Amino acid sequence: MSIALFTLGGTIAMAGVGPGERPVVTRLTGADLVAAVPGLAGLGAPLDVRDALAVPSADLSYRRLIDVVAAAAQAVTDGATGVVVTQGTDTLEETAFLADLIWPHAAPLVFTGAMRNPTLAGADGPANLLAAARVAASPDARDLGVLVAVNDQIHAARWVRKTHSTSTATFASPNAGPLGHLVEGRVRLLTRPPRRPALPPVDPARLDATRVALHTVTLDDDGWQLDGLAERRHGLVVAGFGVGHVPSALAPVLSALAEGIPVVLTSRTGAGAVLRHTYGAVGSETDLQRRGLLNGGLLDPYKALVLLRLLLAAGADRDAIAEAFARHG
Ligand code: ASP
């Protein structure tokens, strides 16, 4: 029994160039992170540490993440009980979801990070790393897909969001709540959402070549940024108002785009679903669906973008994309 630990950088691994110096940059290795965690030795599973990347999470990419997931899958094939990935928190809601969509194993793949760097009082990295390792080692966490363990909570990658720029309680799953908690170091799961089959493996070159856009709708939006978008992008996610609404002036712009590329409708609110058949005005959810937009369901705009890019890279047609959003959304 062992746990593979992949470190990618982020605040959890940041320190000043000199002692106590600011600003901080990624400097610490996996060995440094592990050495800072009292209690890891009592886990009963040795950590197999791999320093994969040392970047702020803004510099992660689909390609880099897919390589990490492949290496994590290989670690499981080679006998690891579970896998922990440490990275910056800024993009974690996207990377963990991307990993969740393609993770084929029953073994837990657990993402974590930190909001306070190791030079600050009350740094949360050591506790989060210990929590993630405990989840990765737990038989109860098998078959749950990719998880996020932060602040003694366990979240499903498919629902988790970063909700605050500085709080250590930033991660939340607004539509569902956490799947469980760590209580006195024990993994306590409260619910087990059904696992969805992994998407087929994606060809990295096709993924690189597939480009999708996100447009957040704002008051008085006439959609000028969307001009000629279908020539530049293969798909579009629209983060609409409330339950999936846009100004009436934007509706024809979106229907023209939907004739050429898949356009997925989500809500910019941060929680709740896009509706399907409640409102009837021009620019409402029923109008936009009639114009060919696909309903993103409960997926927030960022997660919808990840799913859309993977589907397009795999060559999915409009029906397959609609079906996938009905399943995941
Ligand atoms: N900017 C940092 C990053 O995402 C923030 C963090 O790690 O929490 O890399």
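Here's what I pulled together on the structure shown here. (Residues numbered from 1 in each chain as written. Predicted model: local features only at pLDDT ≥ 70, side-chain atom pairs only at ≥ 80, totals over all residues. Heavy atoms only, no water.)

**Observations concerning the site of the ligand**
All residues in the neighbourhood of the ligand are listed as Gly10, Thr11, Pro56, Ser57, Gly88, Thr89, Asp90 and Ala114. At 2.5 Å from an oxygen atom of the ligand is found a side-chain nitrogen or oxygen belonging to Ser57. One nitrogen or oxygen atom from the side chain of Asp90 is found 2.7 Å from a nitrogen atom belonging to the ligand. Contact with the protein chains hides 85% of the accessible area of the ligand, taken as 270 Å² for the molecule alone. Here the shell around the ligand is composed, by residue class, of 2 nonpolar, 5 polar and 1 charged. (Near = heavy atom within 4 Å. Polar contact = N/O pair within 3.5 Å; in protein donor to acceptor, adjacent residues only side chain to side chain. Areas by Shrake-Rupley, 256 points an atom, 1.4 Å probe, with all protein chains shown as cover. Nonpolar A, V, L, I, M, F, W, Y, C, P; charged D, E, K, R; others polar.)

**Some points on helix H9 (residues 301-313)**
Counted at 1.5 Å a residue, the expected span for H9 with its 13 residues is 18 Å, and the 18 Å between its end C-alpha atoms agrees. Taking burial as the measure, the 13 residues of H9 include 12 buried ones, the bulk of the element. Looking at H9, one finds that the buried residues are Pro301, Lys303, Ala304, Leu305, Val306, Leu307, Leu308, Arg309, Leu310, Leu311, Leu312 and Ala313. Regarding H9, its N-cap is Asp300, as a side-chain oxygen of that residue lies 2.9 Å from the backbone nitrogen of Tyr302 further along. Gly315 occupies a position one or two residues after H9 and carries a positive phi of about 85°. (Helix = DSSP H or I, 4+ residues; strand = E, 2+ residues; numbered from the N terminus. Expected span 1.5 Å × (residues − 1). Buried < 20%, exposed > 50% of the residue type's maximum accessible area, 1.4 Å probe, protein only.)

**Let's talk about the sheet that holds strand E6 (residues 109-112)**
Across the sheet, which stays open at both edges, the 8 strands sit in the order E4-E1-E5-E6-E7-E8-E11-E12 with mixed pairing between neighbours. Looking at the sheet topology across the chains shown, the edges are occupied by strand E4 (47-55) and strand E12 (186-189). For this sheet the average axis-to-axis angle between neighbouring strands, irrespective of direction, equals 25°. One ladder, built from 5 bridges, connects strand E1 (residues 3-9) with strand E5 (residues 82-86); its direction is parallel. Among the inter-strand pairings, Phe6 is bridged to a residue of E5, identified as Val85. (Pairing = 2+ DSSP bridges. Axes fitted to C-alpha atoms, helices over the stretch in contact; angles between N-to-C directions.)

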